[in-house]
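So you can see what is in the structure, the chains are spelled out below.
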Protein chains: 2
Amino acid sequence: MFCNSCYSKERLMASAIRFLSADAINKSNSGHPGMPLGMADVATILFSKFIKLSPNNPHWFDRDRFVLSAGHGSMLLYSLMYLLGYKDIGIEDIKNFRQLGAKTAGHPEYGHLDGIDMTTGPLGQGISSAVGMALAERILASKYSEDVCNHYTYVIAGDGCLMEGISEEAISLAGHLKLNKLIVFWDNNNITIDGNVTASSSTDQIKRFEANGWNTINIDGHNYRQIEKAIKKAQKSDRPTLIACKTTIGFGAPGKCGTSKCHGSPLGIEETEAMRKKLGWTSSPFEIPEGILKDWRQAGSRSEDAYHAWEKRAKAKGKEFADIISGKLPENWDKTLEELKVSAIKDQIKVATRKSSQMCLDAIVPNIPQIVGGSADLAASNLTLSKVSKTITSADYNGNNIMYGIREHAMGAIMNGLSLHGGIIPFGGTFFVFSDYMRPSIRLASLMGIRVIYVLTHDSIGVGEDGPTHQPIEHLASYRCMPNLLTFRPCDVVETAEAWQIALETDNKPSILALTRQNLPLLRTSSEENLTLKGGYILSGDAQKRQATIIATGSEVSLAMEAKACLAAEGIEVAVVSMPCCELFDAQPEPYRQEVLGSAPRIAVEAGAKFGWERYVGCDGDIIGMDGFGASGPAEELYKYFGITVEEIVDSVKNSIK
Amino acid sequence: MFCNSCYSKERLMASAIRFLSADAINKSNSGHPGMPLGMADVATILFSKFIKLSPNNPHWFDRDRFVLSAGHGSMLLYSLMYLLGYKDIGIEDIKNFRQLGAKTAGHPEYGHLDGIDMTTGPLGQGISSAVGMALAERILASKYSEDVCNHYTYVIAGDGCLMEGISEEAISLAGHLKLNKLIVFWDNNNITIDGNVTASSSTDQIKRFEANGWNTINIDGHNYRQIEKAIKKAQKSDRPTLIACKTTIGFGAPGKCGTSKCHGSPLGIEETEAMRKKLGWTSSPFEIPEGILKDWRQAGSRSEDAYHAWEKRAKAKGKEFADIISGKLPENWDKTLEELKVSAIKDQIKVATRKSSQMCLDAIVPNIPQIVGGSADLAASNLTLSKVSKTITSADYNGNNIMYGIREHAMGAIMNGLSLHGGIIPFGGTFFVFSDYMRPSIRLASLMGIRVIYVLTHDSIGVGEDGPTHQPIEHLASYRCMPNLLTFRPCDVVETAEAWQIALETDNKPSILALTRQNLPLLRTSSEENLTLKGGYILSGDAQKRQATIIATGSEVSLAMEAKACLAAEGIEVAVVSMPCCELFDAQPEPYRQEVLGSAPRIAVEAGAKFGWERYVGCDGDIIGMDGFGASGPAEELYKYFGITVEEIVDSVKNSIK
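Values in this document were obtained by computation on a predicted structure and should not be read as measured data. All residue numbers refer to positions counted from 1 along the written sequence of the respective chain. Each chain takes a letter, starting from A, and each ligand takes a number, starting from 1, following the order in which they are written. For a predicted model such as this one, the threshold for reporting local features is a pLDDT of at least 70, and the threshold for listing and counting side-chain atom pairs is 80 or more; totals across whole chains, interfaces and linings nevertheless cover every residue. In computing side-chain properties, one takes all heavy atoms of the structure into account and sets aside hydrogens as well as water.

1. Comments concerning the state of the cysteines
Residue and element names in this part refer to chain A.
Reasoning step 1: The disulfide criterion is simple: two cysteine sulfur atoms within 2.5 Å. In the structure shown here, the tally under the stated rule is zero disulfides over all chains.
Reasoning step 2: C581 takes part in no disulfide bond, and the closest cysteine sulfur, belonging to C582, lies 7.0 Å away.
Reasoning step 3: Relative accessible area decides the class of each residue, using a 1.4 Å probe on protein chains only: under 20% of the type maximum gives buried, over 50% gives exposed, and in between gives partly exposed. Using a relative accessible area of 0% as the deciding quantity, one classes C581 as buried.

2. Brief notes about the relation of the copies chain B and chain A
Reasoning step 1: Copies are brought into register by a least-squares superposition over C-alpha atoms of residues with pLDDT of at least 70 in both. Laying chain B over chain A is done by rotating through 180° and shifting 0.0 Å along the axis; what remains is an RMSD of 0.0 Å. Given the turn and translation reported, the copies of this chain are related as if by a two-fold rotation axis.
Reasoning step 2: Both copies share a contact surface, since 100% of the interface residues of chain B are interface residues in chain A too. Contacts were defined at the residue level, with two residues in contact if any of their heavy atoms lie within 4.5 Å.

3. With respect to the sheet that holds strand 16 (residues 537–540) of chain B
Residue and element names in this part refer to chain B.
Reasoning step 1: Spatially, 16-18-17-19-20 is the arrangement adopted by the five strands of the open sheet, whose pairing is mixed. Of all strands in the sheet, those bounded by a partner on one side alone are strand 16 and strand 20 (622–626). Between one strand axis and the next, the sheet turns through 30° on average, direction left out of account. Any two strands are treated as partners once DSSP identifies two or more bridges connecting them. Strands here mean DSSP runs of E at least two residues long; helices mean DSSP runs of H or I at least four residues long; both are numbered from the N terminus. Axes, fitted as lines to C-alpha atoms, cover a helix only where it is in contact. Angles between the N-to-C directions of the axes lie from 0 to 180 degrees.

4. Brief notes about the packing of aromatic side chains
All names here are of chain B.
Reasoning step 1: Each Phe, Tyr or Trp ring (for Trp, its six-membered ring) is paired with any other whose centre lies within 6.5 Å, and the angle between the two planes then decides the class: stacked below 30 degrees, edge-to-face above 60, tilted in between. For the coordinates displayed, the defined rule picks out 41 aromatic pairs over all chains.
Reasoning step 2: Summarising the aromatic geometry, the rings of W60 and W310 are spaced 6.4 Å apart at their centres and angled 55° between planes, so their arrangement reads as tilted. Of the two residues, W60 sits in the loop between helix 2 (34–50) and strand 1 (65–68) while W310 sits in helix 12 (residues 304–316), which places them 250 residues apart along the sequence. Here W60 matches W310 in class, with each residue buried.

5. So, helix 7 (residues 165–176) of chain A
All names here are of chain A.
Reasoning step 1: A rise of 1.5 Å per residue sets the reference length of helix 7, with its twelve residues, at 16 Å; its end C-alpha atoms lie 17 Å apart and thus fit the reference within 8%.
Reasoning step 2: In terms of burial, helix 7 is largely enclosed, as twelve of its twelve residues are buried.
Reasoning step 3: Phi for K178, located one or two positions after helix 7, is positive at around 50°. The span expected for a helix works out to 1.5 Å for each residue beyond the first.

6. Some points on the interface of chain B and chain A
Reasoning step 1: Listed per partner, the contact involves 99 residues of chain B and 99 residues of chain A.
Reasoning step 2: In this description, buried area is defined as the sum, over both parts, of the accessible area (probe of 1.4 Å) that is lost when the two are combined. Buried area between chain B and chain A, both sides added, is near 8,100 Å², and the carbon and sulfur share of it is 60%.
Reasoning step 3: The three residues of chain B that bury the most area against chain A are L100, R443 and F611 of chain B, which together make up 10% of that side's buried surface.
Reasoning step 4: By convention in these notes, a salt bridge is any Lys or Arg side-chain nitrogen within 4 Å of a carboxyl oxygen on Asp or Glu. Scanning the region where chain B abuts chain A turns up twelve salt bridges.
Reasoning step 5: Between R98 of chain A and D466 of chain B there is a salt bridge, with the nearest N and O atoms lying 2.7 Å from each other.
Reasoning step 6: For this analysis, a polar contact is any N or O atom pair within 3.5 Å, provided that within protein one partner can donate a hydrogen and the other can accept it, and provided that sequence-adjacent residues contribute only side-chain to side-chain pairs. At the surface where chain B touches chain A, the tally comes to 49 residue pairs in polar contact (both at pLDDT 80 or more).
Reasoning step 7: Its residues placed into classes, the side of chain B that touches chain A shows 37 nonpolar, 36 polar and 26 charged. When residue character is reported, Ala, Val, Leu, Ile, Met, Phe, Trp, Tyr, Cys and Pro are called nonpolar, Asp, Glu, Lys and Arg charged, and the others, Gly included, polar.

7. Some points on the layout of surface pockets
Reasoning step 1: Considering only enclosed or pocket space, the largest pocket measures out at about 1,200 Å³ in volume.
Reasoning step 2: What lines the largest pocket is a set of 43 residues, among which E614 of chain A together with D586, R593, R615 and Y616 of chain B lie closest to the centre.
Reasoning step 3: Sorting the residues of the lining of the largest pocket by element identifies strand 19 (602–609), helix 24 (614–617) and strand 20 (622–626) of chain A together with helix 22 (582–586), helix 23 (590–597) and helix 24 (614–617) of chain B as the ones contributing at least two each.
Reasoning step 4: Here the lining of the largest pocket is composed, by residue class, of 21 nonpolar, seven polar and 15 charged. The way it works is a 1 Å grid over only the protein atoms, where trapped points that fit a 1.4 Å probe form a cavity and open points with protein on both sides within 12 Å along at least five of seven lines form a pocket, and then any residue with an atom within 4 Å of a point lines it. Grid points are joined across faces, edges and corners, and a volume is the space filled by probe spheres set on the points.

8. A word on the pattern of salt bridges
Reasoning step 1: Scanning the entire structure with this criterion turns up 70 salt bridges over all chains.
Reasoning step 2: Its salt-bridge partner being R18 of chain A, residue D41 of chain A comes within 2.7 Å of it at the nearest N-O pair. Of the two residues, D41 of chain A is situated in helix 2 (residues 34–50) and R18 of chain A in helix 1 (residues 8–28); the sequence distance between them amounts to 23 residues. A single burial state applies to D41 of chain A and to R18 of chain A, both of which are buried.
Reasoning step 3: R439 of chain B serves as the salt-bridge partner of D436 of chain A, at 3.4 Å between the closest nitrogen and oxygen. Separated into two different chains, D436 of chain A in the loop between strand 11 (425–431) and helix 18 (439–448) and R439 of chain B in helix 18 (residues 439–448) make up a pair that spans both.
Reasoning step 4: For D436 of chain A, a relative accessible area of 1% translates into the label buried.
Reasoning step 5: A relative accessible area of 0% places R439 of chain B in the buried class.
Reasoning step 6: Each of E137, R138, E146 and K181 of chain A takes part in a single network of salt bridges with overlapping partners.

9. A short note on empty space enclosed by the protein
Unoccupied space between atoms shows up once a probe the size of one water molecule is rolled over them.
Residues and elements named next belong to chain A.
Reasoning step 1: A complete count under the given rule lists 14 cavities of 30 Å³ or more for this structure.
Reasoning step 2: Of the volumes computed, that of the largest cavity is approximately 80 Å³.
Reasoning step 3: Every residue along the wall of the largest cavity is listed here: F47, L53, P58, R63, D64, R65, F66, M81, Y86, D114, G115 and D117.
Reasoning step 4: Its residues assigned to classes, the lining of the largest cavity shows six nonpolar, one polar and five charged.

10. Topic: unusual backbone geometry
Residues and elements named next belong to chain B.
Reasoning step 1: One non-glycine residue, S145, lies in positive phi territory at about 85°.
Reasoning step 2: In this model, D377 sits at a positive phi of 65°, which is unusual for a non-glycine residue.
Reasoning step 3: Considering the arrangement of structural elements, one finds D377 in the loop between strand 9 (371–375) and helix 16 (379–382).

From the geometry alone we can't say anything about function, so treat these as descriptive.
Right, dumping it as structure tokens:
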């Protein structure tokens, strides 16, 4: 079974993982033992002989990254963290697995424990975000030298991760960019929840990875010598490496191994006792023999000296490097943005907000070394290139623009990886409607609470001729209901700049910028205060005298302003509330919200689904928006056809104050 | 340039496509000429020599299917339809390209023209749904014989389609199922919007398709002889075939061909004139020389005899085959469902709604030959297998269950293809939270208005220990805002059966069934009327005497009923409204809605995002729901932790009536 006696120590160390995992899952009566048992040997070799980390300095910027893409195997990670000696996890945490409030959640949750490099569970996300981490490493190494950034990114992925389409997008880009320090272990156990992989797939994964420019190695995942040799070989590759590890799911559990029975259910006491006999493990649950724990703790401290040497080199790099490590923006980074706002008001700049966004990028990208942008093959439409953009290639990683290709989902996941790695603030563009393709990654960014910025242009029926497949309708509502995400829809250059300021300064949430294809007038008259920070505010009108309040966002704010002028000519006073970010408005104190919304009748206007606007206009307020999908035709005609016009707003106000 | 003079007729026929396309795009001053020009030669050979269709009988069930996966090249399809002689498209429609109300929308829209087999535009969807069409063909052929179902499915796909991850999921399953009558032409022009494909991809697509079990052929896409030979060869393959067509984007346009300049912008008059000279085309815009039009019309009528022969054979098949073609359900198909409801009430069956759903499947699948279900590797969790389920394999297509593998996105697209093909009513399961992975396909089903049923289980924090990555929060709201989609969240066996009845009878909309993991009591006391059809109704309480109305869905309806009992004990009368489908409720007449919701204070209860409930409770009503993501822990503890409890409802009612 094992290649030779040289690895007797590792065999015991692997058993420690196996029993911690099986016993914790038994105790919680919930969890996935199959993977921790199957991959314990690979993990033992990787973590005891190769991986660079420091439990005493868990946030070491140059540590190797480890992503458990098959996140259901969380007990593998928790066992490792405990055994290696991370300070924030004790045996009680292991015993508390999957209990409310425990750091040891059902799936690894970023922020719960220092050793968790990302939240995983939704399959395919881990391997794809790892591409972002490996890319971040190369970008920063080429920018600040390998003296301070020079590490591997390791992944354990299961069959599910490889079957998910996002993995194809990600490995294709990883191969293209020759991310040779990315090493993926594929837990090749031929088992999924519904049975054998071969029941639903005949794909030759080795050939597929090779088609995508990867180095591949086939090994027996329970043969320590092969594992060690494979990692050594992978580390020297000029391409990313897939190590296909032929394993037995639930290895060691005599009655259940090799079947889907041990994938997602506890082994049970009886089967675990049988495993104890089989593997010669005499300790009680949650007890690790002193010698084995010592071996693990020694493995955990292997890189202490390397850490301290790195720390010195990093300090010598000075302030910019210290800042990018801590995620701090340079001082006065937004001075140029403030200037842009002032000049936009002065010159009454009338451009599409996608263009406003590009003007912001021109203003800030030169100031912020961390920014790395990109687009999913729509750079010229999303206007994501600034005047200092330089595209990253496999020949030169020292750039600030990524050509993601037509791979929205991988873009979303890779941005998560870039952000999680640290040292980089990623933004990426696509058409707003196609953000659906990366929604699982946006959700994960929200759940992790990380700084990722989505530049989503062509944000309504204003798209025009491309028609309903390209016109977002429900998208604004569908993001506003997602927790911990900021959805901005600015109305002019000033609000766009304000949104960029907030998105960049918010380091615990991702942000969406929904931007127009079509030109919009400049509406703001002052830029002294960042009003977008309040989410919504009275843009125009007398709060006391108003007979109605029109609430609008983005391109519809100018319609509201025109309606206000028409109504004023008829002696009707209204206030226009611009609401660039509902989430920030909802977070304001009640009196402020009341002051803005007022007690006069309210009308909401947005060229999107009406759903959700009742929050501000109530059951009886009028909502001017969309009830169905869009259509193909010139944008101005569509606005008329769907009744999102100044005339409709005027009529609505008149009706509401009758 | 062209292999020899044998193809001079085809050269002219291809020119007809090129000039109709270029001139229409010039006229509308919007559109994508690059693809129609680049693929005109392939399309000419395919449509004039191979494809089986009848413009006089466009809905011929056994016609070859054609999917323009690169939907931006819509003018290729419109040109073909016009030239082949489809009755519902005239030259005026071509001239009206991309105008409001035109059948010739920016991207092909299913239902606009008889020759459009599906809506395309969002990349990767077409090739993936085509897998569903090709699978439908094999299923029906094996069920009703090749006498009546025996056709090819052809696809034109671009680089974008192949880069999207969904294509990997779909081609992997197509290869596994050996769908040998699926033939994909890859417009291999090395151009994307942002430049050369090689700037963002180094993937060897041929090798990748081979890794997925495909037959591959490499040709010059402007060489008629090679095109013809390749199609003949593909038709004989025992596997699906990729024909990689090396083409020049914008072929014929001397100044712009071969560059991204001609991808998405009109050529302009000058360049089009230069193309006229280069290709020797002397006709004015929108004029097709009589001889060439005649050749095309002859090509269009090639299969008339085959159609009539098929019609006879189909008639001989009898009523079941006629019904499945027309999408009709068998008479009394739901008698067994009605019986299930009655016995559920009698026996007070307390099961999870996912289990209720399986009981429905047991009742109906034996009655409905069209039903083909499946799951994305969660059959045992989604409970999508009925007692008569039989899994479809490459050795035996005559089944009614598809093992989709861990491929939610392809499942969504394949179900679209199964439904579009006709003869099949597809349903498919995954965890509700992972429906995000197939959201672009759900949107497309909604936009096309087709019957697809999503069985989405584990629909709230009731998921428990798997934690926030597996707990849907914003999902109900995010689907309720999507147009033309029904989102059901039933509260017991009776409502689940009612939802299944509606979903199956609604042939112009897809339906989501959001179902619990945990058991729920039986709440309905009668099943005579399908109350779910009204979307929401008073489940319990006196409409006149009520002091408050509690509105709830799914698993929270039983909490509302318990709260009602507690309140009654204190002398407070409330009504409980069960709201299994907001979309259907919103479609009821105003008086009914008022009658149900009443004028007493309203409280909404749902273990999901609060967003959107203001529609029913107004700005001031209380909403008991989620403000953030879930957590890992036992389900009952989570309900308490997040305050979704009987006590909270009772308190809320008391506060609201103060």
